[in-house]
Amino acid sequence: MIKYDLLVIGFGKAGKTLAATFGNEGKKVAVVEESSEMYGGTCINIGCIPTKTLIVAADNKKEFKEAKATRDTVVSKLNAKNFAMLDNNPNIDVYTASAKFVSNKVVEISIDGETKQLEGDVVVINTGAKNNVLPIPGLTTSKNVYDSTQFQKLESTPKTLGIIGGGNIGIEFANLYARFGVDVTVIDFAPTVLGREDKDIAEMAKGYLEEAGVTFKLGTATKEIRNNGEKVVVDTEKYGELEFDALLHATGRRANTENLGLENTDIKVNERGFIEVDDYCQTNVENVFAVGDVNGGLQFTYVSLDDFRVVNGYLHGNKDYTRASRKNVPYSTFISPVLSHVGLHQAEAEENYSNVAVASLPVANMPRGAVNQDQRGIYKVIVDKDTNLILGATLFGKNSEEIINIIKMAIDNKIPYTYLKDQIFTHPTMAENLNDVFKLIK
């Protein structure tokens, strides 16, 4: 038995940052990661970084082969950097192995045929999430069918691509591969894509994707998947049989806890398989924490980093900041242009507030839109007229992933919309259009 002050299972954002923090403080730390391909976690290896690198390559009109090479180089460098960050610390032991709990605070690992047991005074589970697999006949047995992780390993693009799933991941891949010249079709049971967005915004996004060459087959169940030679045949209730060179399924994510041995512990999971935690990310077992995607919160790397803040504060005696303190988390869907949102959507605002004002400003009316030669999109803001506070905003346009953070800080700090309406912004920028959209509030 090897004992540690901190035992981290998984190399995600929260866990690796806790490991580095405690290691730098002189504590004895172990980090167990089952795959060398995942040093640094989902974001840098199979999530945000590689996909956005491909998007930038598409923006720069690169051919897919060159774009893929750039993606792989970026991922490799970040993966190695993250490994070195922990492995070079004399207080941290990094184990590349699968961990299985044998009791509440003890895991067993096997390396080169040698079994070891590791025990932590504090244990942090940071194993993330993995692709959800729907029970569609043939989904897991047919050739040329991939999840989002497997699909990124392809060295060339298919001529035709079917995507099951019209959420953020499916839509981002549809947008990306259409820009590389692939004939893309999105299939979904829902009647629309991007279901959490306001209907007008979702329809606008769908229209832009259609202009880029994406076809949509919505409001239909998928009955079966099979092969016709090397082709993938998707049998749908509404549209019959659809045939593709490759099929990507992107139908949500589920907790990555299989084979973790939680059945050998008192740690509780919910009905969806995610580990139950309190406001400090602590499980029902004292000093055992679950951070990042595995605890069922919002699945963003910056939320995992915020879990680090919560747990780090708690373990250092500061309990002021909790998961409940976390509000108004912004997000961006990296289509073209980028779609970003924070706060309430229109229906939510109108349901919860009696005096709501909504204003919209098309990017086509913005000076910077003309400069960018990209006049697609819209800024939409929602205000509580009783207090003049901002309730939510959707920014659909170039650089919205940056501008949305201004709105987030305004909401958090209860800054009235009039402050942004009359604020001085540089010109010509997309940010200055916050002046104009808030001037439309009546």
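Residues numbered from 1 in each chain as written. Predicted model: local features only at pLDDT ≥ 70, side-chain atom pairs only at ≥ 80, totals over all residues. Heavy atoms only, no water.

- For the chain, an unreviewed UniProt entry supplies the name FAD-containing oxidoreductase and the organism Gemella morbillorum.
- UniProt, in its Sequence similarities (unreviewed entry) section for the chain, records the words "Belongs to the class-I pyridine nucleotide-disulfide oxidoreductase family." (UniProt positions renumbered as here; feature names shortened; annotations may be inferred.)

### So, the sheet that holds strand E8 (residues 145-146)
Item 1. The strand order across the open sheet formed by five strands is E8-E15-E9-E10-E11, and the pairing between neighbours is parallel. Both edges of this open sheet fall to E8 and strand E11 (215-218), since each of them pairs with a single strand only.
Item 2. As paired elements, strand E9 (residues 160-164) and strand E10 (residues 183-188) share five bridges and run parallel to each other. Across the sheet, residue isoleucine 163 finds its bridge partner in E10, namely valine 186. (Pairing = 2+ DSSP bridges. Helix = DSSP H or I, 4+ residues; strand = E, 2+ residues; numbered from the N terminus.)

### Some words on the UniProt feature "binding site: FAD" (unreviewed entry) in the chain
Item 1. The UniProt record marks Lys52 and Asp293 with the feature "binding site: FAD" (unreviewed entry), using the residue numbering of this structure.
Item 2. For lysine 52, the position within the fold is in helix H3 (residues 48-59).
Item 3. On the basis of relative accessible area, lysine 52 is assigned to the partly exposed category, the value being 21%.
Item 4. Leave out the neighbours within four places in its chain, and lysine 52 touches Glu172 and Phe334.
Item 5. Polar contacts involving the side chain of lysine 52 include one to the side chain of threonine 51, which spans 3.3 Å.
Item 6. Within the fold, aspartate 293 resides in the loop between strand E17 (288-290) and helix H8 (301-315).
Item 7. Given a relative accessible area of 14%, aspartate 293 falls into the buried group.
Item 8. Look past the residues within four positions of aspartate 293 in its chain and what remains in contact with it is Gly128, Ala129, Phe274, Leu298, Gln299 and Phe300. (Buried < 20%, exposed > 50% of the residue type's maximum accessible area, 1.4 Å probe, protein only. Contact = heavy atoms within 4.5 Å. Polar contact = N/O pair within 3.5 Å; in protein donor to acceptor, adjacent residues only side chain to side chain.)

### Side note on the packing of H3 against helix H4 (residues 64-87)
Item 1. As a packed pair, H3 and H4 sit with axes 9 Å apart at the nearest point and diverge in direction by 145 degrees. When you trace H3 past H4, the crossing you get is right-handed. Of the residues in H4, those touching H3 at Ile49, Pro50, Thr53, Leu54 and Ala57 are Ala67, Lys68, Thr70, Arg71, Val74, Val75 and Leu78.
Item 2. Taken together, the residues that form the contact of H3 with H4 break down as eight nonpolar, two polar and two charged. (Axes fitted to C-alpha atoms, helices over the stretch in contact; angles between N-to-C directions. Left-handed = near helix turned anticlockwise from the far one by under 90°. Nonpolar A, V, L, I, M, F, W, Y, C, P; charged D, E, K, R; others polar.)

### Re the packing of aromatic side chains
Item 1. Scanning the model with the defined rule gives 16 aromatic pairs in all.
Item 2. Ring-pair connections join several aromatic residues into one group, and the members of that group are Phe64, Tyr146, Phe151, Phe173, Tyr177 and Phe180.
Item 3. Above the face of the tyrosine 331 ring, arginine 196 is positioned so that its terminal group lies 3.9 Å from the ring centre.
Item 4. Positioned above the aromatic ring of tyrosine 208 is the side chain of arginine 376, whose terminal nitrogen or guanidinium carbon lies 5.8 Å from the ring centre. (Phe/Tyr/Trp six-rings, centres within 6.5 Å; stacked < 30°, edge-to-face > 60°. Lys NZ or Arg CZ within 6 Å of the ring centre and 35° of its normal.)

### Section: the sheet that holds strand E21 (residues 378-384)
Item 1. Strand order in this open sheet of five strands is E18-E19-E22-E21-E20, and the pairing throughout is antiparallel. Two strands bound the open sheet, and with one partner strand each, they are strand E18 (331-333) and strand E20 (356-362). For this sheet, the mean inter-axis angle between neighbouring strands, taken without regard to orientation, is 15 degrees.
Item 2. The pairing of E20 with E21 spans seven bridges and is antiparallel. Its bridge partner being in E21, alanine 357 is matched across the sheet by valine 383.
Item 3. Sitting on the sheet, helix H7 (residues 199-211) touches strand E19 (339-343), E21 and strand E22 (389-396), and the angle it makes with E22 is about 10 degrees.

### Quick notes on the UniProt feature "binding site: NAD(+)" (unreviewed entry) in the chain
Item 1. The UniProt entry lists Gly165, Gly166, Gly167, Asn168, Ile169, Gly170, Ile171, Glu172 and Gly252 under the feature "binding site: NAD(+)" (unreviewed entry), expressed in the numbering used here. Spanning 88 residues, the annotated positions come together in the fold, the maximum distance between their C-alpha atoms being 13.3 Å.
Item 2. Turning to its location among the elements, isoleucine 169 is positioned in helix H6 (residues 168-179).
Item 3. With residues up to four places along the chain from it excluded, the contact list for isoleucine 169 reads Ser148, Ala250 and Arg253.
Item 4. Take glycine 252: it is sitting in the loop between strand E15 (246-249) and strand E16 (253-255).
Item 5. Classification of glycine 252 as partly exposed rests on a relative accessible area of 33%.
Item 6. Sequence-distant contacts of glycine 252, that is, excluding residues within four places in its chain, are made with Lys130, Asn131 and Asn132.

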